[in-house]
Amino acid sequence: MKTDSLFTDWRDKALQFESNINQVVIGQSATIRNVLIAIFARGHVLLEGGVGVGKTTLLRAVAQGLGGSYQRIEGTIDLMPADLIYYTYLNQEGRPCVDPGPLLKEGEQLSTFFFNEINRARPQVHSLLLRAMSEGSVSAFNREYRFPHIQVFADRNRVEREETFELPAAARDRFLMEINVNTPVDDAVLDELMFNPRFHDVDSLIAGIDRDSLKYYELNDISGLIQKTLEPSPRLRSYALDLWKASADPGQYGVKLSDVEMPSLIQAGASPRGMSYFIKAAKVRAWLNNRTVLLPEDVQAVYHVTMAHRIFLAPVYAYRKDELMPQLVNGILDAVAAP
């Protein structure tokens with residue numbers, strides 16, 4: 001009974017949090033639901049989308065609701081790993097000083113870290129960020145700094161291609177989800193964004209979110225409880241396993257794409273780590289829908305955002321990724337029989 005009550009209380013908080021964010025970032029309900037799932041699955045998120053679609057506003061609203069500290073850094077060609085750790089300057093007396101950088105500045109209170117245009121930063125910077133993501137710590141000044149509550153969000157510059165460094169497979173696999181943030185298509189939403197002054201003042205928008213409504217320092221515990229409590233049935237386990245296998249060999253399950261030689265399409269399928277993330281996300285979705293049993297619709301709903309960035313196409317097809325990947329994911333979900 002205690003667990004049931006705790007689940008109900010936290011679910012109510014989560015859904016209220018989601019509702020509040022939807023009032024700030026309108027026309028992005030699917031994106032916001034996926035971000036909510038990532039928060040309770042305690043996974044990092046890679047955001048995809050054009051310029052000015054609301055990614056930063058969304059993350060500022062999320063950070064406001066989670067509480068804790070929010071830090072942001074811009075990816076640039078000259079950014080070095082040390083820039084995440086510290087920065088140096090001359091004080092008023094002309095003496096050199098060293099202050100903590102964005103990773104160290106807030107210490108264990110750091111809950112939301114936004115890396116804007118991550119592909120503009122060099123691979124050395126990616127490596128340091130990956131350690132902070134996977135281990136929740138970095139070493140600096142002969143000691144180890146820990147970030148037990150950190151959640152990293154990053155986006156990529158998809159317009160300019162010069163002086164960019166694409167994330168390697170190992171780096172992308174560290175992210176629980178890759179979420180597309182597209183421009184809304186509903187005319188009513190676009191009219192609001194264009195003409196309602198409320199959406200022209202981001203600071204005022206963010207201030208309307210109740211700070212610390214989800215208590216970031218308790219999320220690890222409730223996330224662990226969700227993962228331990230929700231158990232998939234044997235039939236659902238088998239279904240999820242088939243979805244995993246199909247990511248590496250879709251042709252074996254009868255998936256066909258036009259103008260594609262299926263045996264040579266896939267260079268690598270999803271990793272075991274990716275599949276564990278996939279199941280974690282599905283469990284959170286079931287919990288948000290007030291269920292303690294996973295259904296096929298739970299795994300289907302999170303399959304694309306947790307798997308598409310983990311399936312790597314052979315070089316001959318890689319240039320068609322934006323075209324082929326949605327077809328492939330949908331083809332797998334259609335071909336693999338659900339229980």
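Below, the structure is looked at part by part. (Residues numbered from 1 in each chain as written. Predicted model: local features only at pLDDT ≥ 70, side-chain atom pairs only at ≥ 80, totals over all residues. Heavy atoms only, no water.)

Quick word on unusual backbone geometry
Here's step 1: Located in the positive-phi region is lysine 215, a residue other than glycine, with phi close to 55°.
Here's step 2: Inspection of the secondary structure puts lysine 215 in the loop between helix 8 (202–207) and helix 9 (219–229).
Here's step 3: In this structure lysine 215 comes out as partly exposed when scored by relative accessible area, which is 29%.
Here's step 4: Positioned with a positive phi, aspartate 259 is a non-glycine residue whose angle comes to about 60°.
Here's step 5: As for its position among the elements, aspartate 259 is in the loop between helix 10 (234–248) and strand 10 (266–268).
Here's step 6: Classification of aspartate 259 by relative accessible area gives exposed; the value is 69%. (Helix = DSSP H or I, 4+ residues; strand = E, 2+ residues; numbered from the N terminus. Buried < 20%, exposed > 50% of the residue type's maximum accessible area, 1.4 Å probe, protein only.)

Re the side chain of glutamate 48
Here's step 1: Its location among the elements puts glutamate 48 in strand 1 (residues 45–49).
Here's step 2: Among the polar contacts made by the side chain of glutamate 48, one reaches the side chain of arginine 156 at a distance of 2.2 Å.
Here's step 3: Among all residues touching glutamate 48, those that are not within four sequence positions of it are Arg156, Arg158, Glu178, Ile179, Asn180 and Val181. (Polar contact = N/O pair within 3.5 Å; in protein donor to acceptor, adjacent residues only side chain to side chain. Contact = heavy atoms within 4.5 Å.)

Observations regarding the pattern of salt bridges
Here's step 1: Per the counting criterion, the structure on display carries 20 salt bridges.
Here's step 2: In this structure, the salt-bridge partner of glutamate 74 is arginine 72, at a minimum N-O distance of 2.6 Å.
Here's step 3: Relative accessible area serves as the criterion here: at 35%, glutamate 74 is assigned to the partly exposed category.
Here's step 4: In this structure, glutamate 166 engages arginine 156 in a salt bridge whose closest nitrogen and oxygen atoms are separated by 2.5 Å. (Salt bridge = Lys/Arg side-chain N within 4 Å of Asp/Glu carboxyl O.)

Overview of the pairing of strand 6 (residues 137–140)
Here's step 1: In terms of strand pairing, strand 6 meets strand 7 (residues 143–146) through four bridges, oriented antiparallel. Considered in strand 7, the bridge of serine 139 is made with glutamate 144. (Pairing = 2+ DSSP bridges.)

From the geometry alone we can't say anything about function, so treat these as descriptive.
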